Amino acid sequence: MSKTIDGAAFRAMMISAHASIELHKQQVNELNVFPVPDGDTGTNMCLTIASAAAEMKKSGDAHLGKAANAAAGALLRGARGNSGVILSLLFRGFGKYLKDKPECSGVEFAAALGEGVEAAYKAVMKPAEGTILTVSRVSSVDAAVLAEQNDDVMFVLEGTIESAKEALAKTIDQNPVLKKAGVVDAGGMGYVYILEGMLAALKGEAIEFTPDMAAEEPKDHADFSDFETEDITFQYCTEFIVSRENDKDPMELRAYLDGMGDSLVLVDDDEIIKVHVHTNHPGEVLETAMSYGSFVTVKVENMKLQHSEKVMSEAEKAVSQVAKPEKQYGFVAVCAGAGLAEVFRDLGADGIIEGGQTMNPSTEDILKEINKTPAEVVFVLPNNKNIIMAAEQCIPLSEEKKVIVLPTKTVPQGITAMLTFDPDSDEESNFSAMTEAAEGVSTMQVTYAARDSEFDGLDIHQGDYLSMINGALFETGPDINAQLADMAAKAAEIGGSYVTVFYGEDVTEQQAEEAQKIFQEACTDMEVALISGGQPVYYYLISVE
């Protein structure tokens, strides 16, 4: 067995890695914060790396760098959910390091792992400990030490996996949410399975994908990484490129922005400074940035990946035929349920992507719908916190259309955002107004418990109804109408003018009308509307505004 790997070996490793995570995805999905369908880490990672495996099956190049970069491009297009986005970043840095190498040794393999970790950490400004990032970082550091002892790639990968397992076991004590639930990180576990699949191929024992692996439907479960990466306090996504016209240190701007917001990415060179930041005071941020030079662009744009090399080859750009602009503004919305889709269409949505909880669309899925929209500027409404990152990756990938991603985390937020749109206003004013309107929506949800559990002192039983308000567990029990009554009382306490009850595919019209009556009796000063949403997973989605 050679101590190095080339393109052919790497292709086999990626195909085997896909089969490995496919085989274990349900085990990864079972790591829940509490039994609410709030995303599927195993499914997302599996679907993400499946894109790379498919690309590797088509490729025949023996050059390692070309194979690694082809895999990275496919991962970027197929990234689903936060765990998938981070996985794509790990392999993007890995491919960047190896791009000019026809093969690599153990030392170079370890260095490539480290480059991947660096790329992922650059994109997540304030990474939480006890996640896939921690597992990948710790194991890559150990990989470099192992490579100095033995330059054999197999030796390095075996040691990397052992280190990753040790780091994974420690995640339960590094993250308070994981510790409370008594489990390790789902994303970190998925990463270990991917590495094990790669090792199996290197040993000549590649895991083979079979159709029956994908036959089982994913369960409706939450995973910890969702709560760690999407709890963003600062709501305005402000992005710009400014020319460097003086000697002011960009690190001073970085320090200032770090105090003004979150999700910060700053990249600079001799000519420009690129910035992405979430803040509550975009005007102050832009005014400070002007002291460094004049603006090249000011728009909603994802800078997390633009500091690296060109994102896609010409073949990767051809995701679908791009519709010629027939108007200035267009909309693409993500939702599940015929009724909800019809609401968005009535409000002017050009494209509907079926997705949401347990059905996270990929970056490629979203990009296809953007390209089909006959508009110069396309607003994307993810309507789910675990889809926002995948949507944001479309910004640098769509060269012919300007893409603006609104950070809507629920369907009711997306509907309110579209109702706020003013066709006579400019895009920046609309973004601010729509984002602000979405923030004013309180979202209530009623679903079910997938298994017995305990969370925040609540004893949860499999099959119980679960109600949530703005993503937080509100109540649990066997009586759905009792929970609806308590939620209605909470809606009256929140206050506002409108309550809209969207009922799901498993709710009869008679049951829905009873739910509407419960809210009408509690919210006497508010207008209560009832709409058939047809959504899966949730019996009711309720907006209060």
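Right, let's talk about the sheet that holds strand 7 (residues 327–335) for a bit. Spatially, 8-7-9-10 is the arrangement adopted by the four strands of the open sheet, whose pairing is parallel. The strands lining the two open edges of the sheet, one partner per strand, are strand 8 (351–354) and strand 10 (402–405). For this sheet the average axis-to-axis angle between neighbouring strands, irrespective of direction, equals 20°. Across four bridges, the pairing between strand 7 and strand 8 is parallel. The partner of Val334 across the bridge, within strand 8, is Ile353. With respect to the sheet, helix 15 (residues 363–372) is in contact with strand 7, strand 8, strand 9 (375–381) and strand 10, its orientation differing from that of strand 8 by roughly 165°.

So, about the side chain of Glu369. Structurally, Glu369 can be placed in helix 15. Excluding residues within four positions of it along the chain, Glu369 makes contact with Val332, Gly351, Ile352 and Ile353.

The next thing to look at is the pairing of strand 17 (residues 527–532). Relative to strand 17, strand 16 (residues 498–503) runs parallel, the two being bridged by six bridges. From the neighbouring strand, Phe502 faces strand 17, where its bridge partner is Ile531. Read as a crossover between parallel neighbours, the route from strand 16 over helix 21 (residues 509–522) to strand 17 is right-handed.

Evaluated as defined, the whole model comprises ten aromatic pairs. Ring centres 4.9 Å apart and planes at 85° place the aromatic pair Phe331 and Phe421 in the edge-to-face group. Separated by 90 residues along the polypeptide, Phe331 in strand 7 and Phe421 in the loop between helix 18 (411–420) and helix 19 (427–439) bring together distant segments of the chain. Each of the two residues, Phe331 as well as Phe421, counts as buried. Here the guanidinium or amino end of Lys248 rests over the ring plane of Tyr292, the centre of that ring lying 4.6 Å away.

Okay, the pattern of salt bridges next. Taken as a whole, this structure holds twelve salt bridges when the rule is applied. One salt bridge in this structure joins Lys402 and Glu427, with 1.9 Å as the shortest N-O distance. Within this pair, whereas Lys402 is found in strand 10, its partner Glu427 is found in helix 19, the two being separated by 25 residues in sequence. For Glu427, a relative accessible area of 17% puts it in the buried group. Lys490 is the partner of Glu493 in a salt bridge, and the nearest nitrogen-oxygen pair spans 3.4 Å. Note that Glu493 and Lys490 are positioned in helix 20 (residues 480–494) at a spacing of three residues, about one turn of the helix. Using a relative accessible area of 60% as the deciding quantity, one classes Glu493 as exposed. Residue classification places Lys490 among the partly exposed positions, given a relative accessible area of 28%.

Turning to its location among the elements, Ala437 is positioned in helix 19. Residues Ala437 and Ala417, 20 residues apart in the sequence, show an inter-C-alpha distance of 5.9 Å. The residues contacting Ala437, other than those within four sequence positions of it, are Thr416 and Thr420.

Okay, helix 3 (residues 64–78) next. With 15 residues, helix 3 ought to run about 21 Å at 1.5 Å a step, and its terminal C-alpha atoms sit 21 Å apart, in line with that. Across the 15 residues that make up helix 3, a large majority, 13, are buried.

Take the sheet that holds strand 15 (residues 472–477) next. Read from one edge to the other, the open sheet built from six strands follows the order 15-14-11-18-16-17, with strand pairing classed as mixed. Strands with a single pairing partner mark the edges of an open sheet, and in this sheet they are strand 15 and strand 17. The sheet shows a mean angle of 15° between the axes of neighbouring strands, direction not considered. Taken together, the five bridges between strand 11 (residues 442–448) and strand 18 (residues 540–544) define a ladder with antiparallel strand orientation. Bridge pairing in strand 18 places Gln445 opposite Leu541. Lying on the sheet, helix 14 (residues 338–346) is in contact with strand 16, strand 17 and strand 18; it crosses strand 17 at an angle near 115°. This element, helix 21, spans strand 11, strand 16, strand 17 and strand 18 of the sheet and lies at about 165° to strand 17.

Next up on the list: unusual backbone geometry. Phi is positive for Asn470, which is not a glycine, with a value near 50°. Tracing the sequence through the fold places Asn470 in the loop between strand 14 (465–469) and strand 15. Positioned with a positive phi, Val537 is a non-glycine residue whose angle comes to about 70°. Along the polypeptide, Val537 turns up in the loop between strand 17 and strand 18. Assessed through its relative accessible area of 15%, Val537 is described here as buried.

About the criteria used
Residues numbered from 1 in each chain as written. Predicted model: local features only at pLDDT ≥ 70, side-chain atom pairs only at ≥ 80, totals over all residues. Heavy atoms only, no water. Pairing = 2+ DSSP bridges. Helix = DSSP H or I, 4+ residues; strand = E, 2+ residues; numbered from the N terminus. Axes fitted to C-alpha atoms, helices over the stretch in contact; angles between N-to-C directions. Contact = heavy atoms within 4.5 Å. Right-handed = clockwise from strand over helix to strand, strands pointing away. Phe/Tyr/Trp six-rings, centres within 6.5 Å; stacked < 30°, edge-to-face > 60°. Buried < 20%, exposed > 50% of the residue type's maximum accessible area, 1.4 Å probe, protein only. Lys NZ or Arg CZ within 6 Å of the ring centre and 35° of its normal. Salt bridge = Lys/Arg side-chain N within 4 Å of Asp/Glu carboxyl O. Expected span 1.5 Å × (residues − 1).

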